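Close look at the chain arrangement
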Amino acid sequence: QLRVVESGGGLVQPGGSLRLSCAASGFSFRYYNIGWFRQAPGKEREGVACIDSRGGITNYADSVKGRFTISRDNAKITVYLQMNSLKPEDTANYYCATVRGDYSCSRYAHDYDNWGQGTQVTVSS
């Protein structure tokens, strides 16, 4: 089974940037779609971005569109989430997740079957 571990979270000021990494191990990583999700206290888990197994199709939540960029490097077995112009409302625990796929991708959490443990992002002055 594919295992993923998130890293790169931390405390940043509004307007700042962070790059999250989702490092994978296991097998057949190139066949899996990857999603980034976040969950803040008292809020439902929401899909932030996803990328298909080929890296050619991405999808973003409206709230992060234009600020966040998801990418993958199958050779490094890693998926990234570049977060720019961060806002306090971006504060959450960020998770990456995988599901077997090829074309297209989903930001619906129930579509994913393998999850990391999360990395905390806090945006505050």
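Here, every reference points to the structure presented above.
The structure contained in this document is the topic of the report that follows. The shown structure was predicted, so the numbers you read here are calculated from the model rather than taken from an experiment.

Quick word on the state of the cysteines
- Taken as a whole and judged by the stated rule, the model has 2 disulfides.
- With a sulfur-sulfur separation of 2.1 Å, Cys 22 is cross-linked through a disulfide to Cys 96. Here the disulfide of Cys 22 and Cys 96 is right-handed, its torsion about the S-S bond being about 70 degrees. A residue pair is termed long-range when its members are at least 10 positions apart, and Cys 22 in strand β3 (residues 18-25) and Cys 96 in strand β9 (residues 92-100) qualify at 74 residues.
- Residue Cys 22 is classed as buried on the basis of its relative accessible area, which comes to 1%.
- Accessibility expressed as a relative area gives 0% for Cys 96, which makes it buried.
- With cysteine numbering restricted to those in disulfides and following the sequence, the chain has the pairing 1-3, 2-4.

Remarks on the nonpolar core
- Grouped together as the largest cluster of nonpolar side chains are 29 residues, with contacts concentrated most on Trp 36, Leu 81, Met 83 and Tyr 94.
- Secondary-structure elements contributing two or more residues to this core are β3, β4 (32-39), β5 (46-51), β7 (68-73), β8 (78-83), β9 and β11 (119-123).
- With 4 residues, β3 is the single largest residue contributor to this core.
- With residues near it in sequence (within four places) discarded, Met 83 still touches Gly 16, Ser 17, Leu 18, Leu 20, Arg 67, Phe 68, Tyr 94 and Val 121.
- Core analysis: the second largest hydrophobic core is formed by 7 residues, Cys 50, Ala 97, Cys 105 and Tyr 112 among them.

Description of the pairing of β7
- A one-sided burial pattern is seen for β7, the buried positions being Phe 68, Ile 70 and Arg 72 and the unburied ones Thr 69, Ser 71 and Asp 73.
- Of the strand pairs in this sheet, β7 and β8 are connected by 6 bridges, and their pairing is antiparallel. Its bridge partner lying in β8, Arg 72 is registered against Val 79.
- If you look at the hairpin formed by β7 and β8, you'll find 4 residues sitting between the two strands, and Ile 77 has a positive phi there, around 55 degrees.

A closer look at the sheet that holds β3
- The 4 strands lie next to each other as β1-β3-β8-β7, forming an open sheet whose pairing is antiparallel. Here the strands that pair on one side only, and so sit at the sheet edges, are β1 (3-7) and β7. The average angle at which neighbouring strand axes cross in this sheet is 15 degrees, direction not considered.
- In the sheet, β1 pairs with β3 via 5 bridges, with the strands oriented antiparallel.

Cut-off values and rules
Residues numbered from 1 in each chain as written. Predicted model: local features only at pLDDT ≥ 70, side-chain atom pairs only at ≥ 80, totals over all residues. Heavy atoms only, no water. Disulfide = S-S within 2.5 Å. Helix = DSSP H or I, 4+ residues; strand = E, 2+ residues; numbered from the N terminus. Buried < 20%, exposed > 50% of the residue type's maximum accessible area, 1.4 Å probe, protein only. Core = buried A, V, L, I, M, F, W, Y, C linked by side-chain atoms within 4.5 Å. Contact = heavy atoms within 4.5 Å. Pairing = 2+ DSSP bridges. Axes fitted to C-alpha atoms, helices over the stretch in contact; angles between N-to-C directions.

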